[in-house]
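# Report on the structure
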Amino acid sequence: MNCPLETHEGSALLLAYSSGRLEAESTVRLQRHLEACSGCRQFVENQSAVWRALDSWEAPPVSTDFDRRLYQRIEQQVSWWDMLIRPFRPVFQSRSLPIAAAAGVLIMAGVLLDRPAVTPPASPQESAQVEALQPDQVQHAVDEVEMLNQFNHLMRSEPADPTSKM
Amino acid sequence: MDQRVKTDMGATAAALDYDAELMLRVKDGDGASFGVLLDKHRLSVIHFLYRMVQNHAVAEELAQEVFLRVYRSRSTYEPTAKFTTWLFRIATHLALNALRDGKHEKSQERLDDATGELPVRQVSDKRPTVEASMVYESRLEEVRKAVATLPEKQRAAVLMHKYQEMEYSQIARVLNCSESAVKSLLFRAYESLRARLAHMA
Amino acid sequence: MWPGWCADQKPNKPAPPAKARPSAAAPANRNGRGPNPGGGVPKKNAPRINTPGPAQRLLQMTPEERERALEKLPPRQQEQIRRQLDRLDHLPQADKDRIARQIRGLDSLPPQQRRLVLQQLNAFRNLPDDRIQPMRRTLIQLMRMPEEQRNARLDSDAFKKQFSPQEQEILRDLSGNLPLDYLPGR
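Parameters and conventions
- Residues numbered from 1 in each chain as written.
- Chains lettered and ligands numbered in written order.
- Predicted model: local features only at pLDDT ≥ 70, side-chain atom pairs only at ≥ 80, totals over all residues.
- Heavy atoms only, no water.
- Helix = DSSP H or I, 4+ residues; strand = E, 2+ residues; numbered from the N terminus.
- Buried < 20%, exposed > 50% of the residue type's maximum accessible area, 1.4 Å probe, protein only.
- Areas by Shrake-Rupley, 256 points an atom, 1.4 Å probe, with all protein chains shown as cover.
- Contact = heavy atoms within 4.5 Å.
- Buried area = accessible area lost by both parts, 1.4 Å probe.
- Salt bridge = Lys/Arg side-chain N within 4 Å of Asp/Glu carboxyl O.
- Polar contact = N/O pair within 3.5 Å; in protein donor to acceptor, adjacent residues only side chain to side chain.
- Core = buried A, V, L, I, M, F, W, Y, C linked by side-chain atoms within 4.5 Å.
- pLDDT = per-residue confidence, 0-100.
- Phe/Tyr/Trp six-rings, centres within 6.5 Å; stacked < 30°, edge-to-face > 60°.
- Lys NZ or Arg CZ within 6 Å of the ring centre and 35° of its normal.
- Disulfide = S-S within 2.5 Å.
- Axes fitted to C-alpha atoms, helices over the stretch in contact; angles between N-to-C directions.
- Parallel < 35°, antiparallel > 145°, perpendicular 65-115°, else oblique.
- Nonpolar A, V, L, I, M, F, W, Y, C, P; charged D, E, K, R; others polar.
- Expected span 1.5 Å × (residues − 1).

In terms of regular secondary structure, chain A is built from eight helices and zero strands. The order of α-helices and β-strands along chain A, N terminus first, is α-α-α-α-α-α-α-α. Evaluated residue by residue, chain A yields a buried proportion of 40% over its 166 residues. Just so you have it, chain A exposes about 9,300 Å², and 56% of that area is on carbon and sulfur atoms.

Here it is in structure tokens:
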């Protein structure tokens, strides 16, 4: 067997072996080579250390409200998207539409959707804004105000203050 | 092509089809199937993003954007590749953008001997000793730094290769490059990591 | 009750540029509120347009408009929200003004930055009791520091020994993104 260290392909073989992902037949051949090649043995030892180090890097747990926040964003975005896309829905369902026209619609929609802002632009009419405040947004808004109040309170508090946390 | 290979491809195709099939159901209006996809892939996407940007809050933010884009794209979804290829392509794209946006702001890690004026965080008796915790934290910091110093594409390739156990071909499709380019990325990345982490053996 | 929060504020007023923090090595085109070093997604120099979020719109609603929104909710939730509103409405006016300013500041952030800040504010208030004071003191210190000094502190081993990884993230993200209005006494 030629020394795997000499080629990238060979290094890939050593990588797979050191992570336990090399299939049986190649493993046997490589093990025979390792008995005679200190360079490859060192590579495997060093790479195994890397695998173990990477294995030890655990990611933090996911926030318990991850899904709730995601669905809230979907709800906010999808209603706007649905309003936008409704006139074009027959376009997307039609197979006979010229590709360029369909692509043009998609590009336009994609450009609009790629904008980071979720909240529709503010209207000068206050009542129009208020109409747009969905019931679920009321809870969200109140929670936000309350959170800011609590945060301000925590930031003001000194250790001697018996009401240091609301 | 012999029967054995056909069977393997059939099994792979079946596995590919399941996620893609779920996404097609989402396309048809089945919201529950989106929930199934979310349950199945939430953790791997968040963990990938966390290791890319090394900030948990940002990782969750980006992950939300990933799944939001998946959902938004449902009406035009076509299973031209494995679902996970598409998913991680979105995730990688967002991660690379986030890194580039904050790249010049990211301060260099410094070994600073300055002692703070606040007390060390208390550790309860049930936890590992303070020394053990410090050793663990120190090793973890080395690993994080080692990965953080990899160029972004090398980092993405390593994370997909190591933690998602993706094959070179799939990583190539995620990164939109050739398989040989992926091998080159991984070869250089692991070389860097061995140089920095081999002493931890 | 509610219009008293923002009766003197006109809706849709563009937010003034945030006060720049002293920074020894500020890049030429910074607006003083750049992305959080070492973390944070928002784009530098994103347009500071105040698009009122739900909280700001809530504060601008008349009682009648608020009632119309509330009555669509289930009774139990209505009751809970009314209790929350009642509690908030009895805050000192100075506190209400401060919150209203903070909300406008939040709404002027790019959406991803806004979400990140809200997430970390929430994480801060949910800290264990014994961690609030050290976190509070350090956050105030960090927010008052020039950027370079803040980064150095955040990256120091001493800092990392004092705070858990999650606490480090909270301090990094908030100190780098919160407007100075959030400092006590402002």
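Alright, that's what it looks like, and here's the rest.
From N to C terminus, chain C includes 10 helices and zero strands. Ordered by position in the sequence, the α and β elements of chain C form the string α-α-α-α-α-α-α-α-α-α. Counting across all 186 residues of chain C, residues that qualify as buried make up 60%. Nonlocal contacts in chain C, meaning residues at least 24 apart in sequence, comprise 71% of its contacts between residues at least 6 apart. Accessible area of chain C: about 7,900 Å², with a carbon and sulfur share of 54%.

Bringing the interface of chain B and chain A into the picture now. Facing the 46 residues of chain B at the interface are 39 residues of chain A. Both sides of the chain B and chain A interface together cover about 4,100 Å² of buried area, and 63% of this is carbon and sulfur. Considering only the surface of chain B that becomes buried against chain A, Gln64(B), Arg72(B) and Arg194(B) emerge as the three largest contributors, covering 18% of it. For the pair chain B and chain A, the interface holds five salt bridges. Notably, a salt bridge pairs Asp55(A) with Lys162(B), separated by 2.4 Å at the nearest N-O pair. Our count for the chain B to chain A interface comes out at 11 residue pairs in polar contact (both at pLDDT 80 or more). Of all the secondary structure elements, the ones that give two or more residues to the side of chain B that touches chain A are helix H2 (31-53), helix H3 (56-72), helix H5 (130-148), helix H6 (152-162) and helix H8 (179-197) of chain B.

The next thing to look at is the environment of Arg194(B). Tracing the backbone through its elements, the reader meets Arg194(B) in helix H8. Arg194(B) gets classed as buried once you look at its relative accessible area, which sits at 11%. Placed 48 residues apart in sequence, Arg194(B) and Ala146(B) show a C-alpha to C-alpha distance of 9.4 Å. With sequence-adjacent residues up to four places away left out, Arg194(B) is seen in contact with Leu15(A), Phe43(A), Asn46(A), Gln47(A) and Val50(A).

Another aspect to go through is the nonpolar core. By size, the foremost hydrophobic cluster in this structure holds 84 residues, and its most contacted members are Phe48(B), Leu49(B), Met52(B), Met160(B) and Leu193(B). For this core, the element with the highest residue contribution is helix H4 (residues 83-103) of chain B, accounting for 11 residues. Not counting the four nearest positions on each side in its chain, Leu193(B) is found in contact with Val50(A), Leu54(A), Ala146(B), Val147(B), Leu150(B), Val158(B) and Ala198(B). Val145(A), Leu154(A), Leu85(C) and Met135(C) belong to the second largest nonpolar core, which has 48 residues in total.

Residue and element names in this part refer to chain C. When pLDDT is averaged along chain C, the result is 73; 72% of the residues meet or exceed 70. Contacts of residues 6-49 to residues separated by more than four positions or lying in other chains number 96 contacts, the stretch itself having pLDDT below 50. Across the interfaces of the predicted complex, the ipTM metric reaches 0.78, alongside a pTM of 0.52.

This next bit is on the packing of aromatic side chains. Each aromatic ring pair is characterised by the separation of its centres together with the angle its planes make. Evaluation of the coordinates by the stated rule reveals 10 aromatic pairs over all chains. Each ring, one from Trp57(A) and one from Tyr50(B), has its centre 6.2 Å from the other, and the planes form 55 degrees; the classification is tilted. Within this pair, whereas Trp57(A) is found in the loop between helix H3 (38-55) and helix H4 (66-85), its partner Tyr50(B) is found in helix H2, the two belonging to separate chains. With centroids separated by 5.8 Å and ring planes inclined at 75 degrees, the aromatic side chains of Phe83(B) and Trp86(B) adopt a geometry described as edge-to-face. Linking Phe83(B) with Trp86(B), this pair stays in helix H4, spanning three residues, or about one helical turn. Among the aromatic residues, those joined into a cluster by ring pairs are Tyr71(A), Phe34(B) and Tyr71(B). Across the ring face of Trp57(A), the terminal group of Arg51(B) is positioned such that the distance to the ring centre comes to 5.6 Å. Directly above the ring of Tyr71(B) sits Arg74(B), whose terminal nitrogen or CZ lies 4.1 Å from the centroid.

Taken as a whole, helix H1 (residues 8-18) of chain A has its buried residues at Gly10(A), Ser11(A), Ala12(A), Leu14(A), Leu15(A), Ala16(A) and Ser18(A). In this fold, the buried residues of H1(A) make contact with helix H2 (24-36) and H3 of chain A together with helix H7 (168-175) and H8 of chain B. A positive backbone phi angle near 75 degrees is found at Gly20(A), which sits one or two residues after H1(A).

This paragraph deals with the state of the cysteines. All names here are of chain A. Under the counting rule described, the total for this entry stands at zero disulfides over all chains. Free of any disulfide, Cys3 has its nearest neighbouring cysteine sulfur in Cys40, separated by 3.5 Å. Here Cys3 falls in the buried class, since its relative accessible area comes to 18%.

Per the counting criterion, the structure on display carries 23 salt bridges over all chains. One salt bridge connects Glu21(B) with Arg25(B), and the closest N-O pair in it is separated by 2.6 Å. With a gap of four residues between them, Glu21(B) and Arg25(B) both fall in helix H1 (residues 3-27), about one helical turn apart. Here Glu21(B) falls in the partly exposed class, since its relative accessible area comes to 36%. Note on Arg25(B): relative accessible area 33%, which makes it partly exposed. Salt bridges here are not isolated pairs; linked through shared partners, they connect Arg73(A), Glu61(B), Glu65(B), Arg69(B) and Arg115(C).

This part is about the packing of helix H3 (residues 63-70) of chain C against helix H4 (residues 75-89) of chain C. Residues and elements named next belong to chain C. Packing of H3 against H4 leaves a shortest axis separation of 11 Å and a crossing angle of 150 degrees. Here H4 runs roughly antiparallel to H3, going by the angle between their axes. Touching Arg66, Glu67 and Leu70 of H3 are Gln78, Ile81, Arg82 and Leu85, all from H4. Across the contact of H3 with H4, the residue classes break down as three nonpolar, one polar and three charged.

The end-to-end C-alpha separation of H8(B) is 26 Å, in line with the 27 Å expected for 19 residues at 1.5 Å each. Taken together, the buried positions of H8(B) are Val182(B), Lys183(B), Ser184(B), Leu185(B), Leu186(B), Ala189(B), Tyr190(B), Leu193(B), Arg194(B) and Leu197(B).

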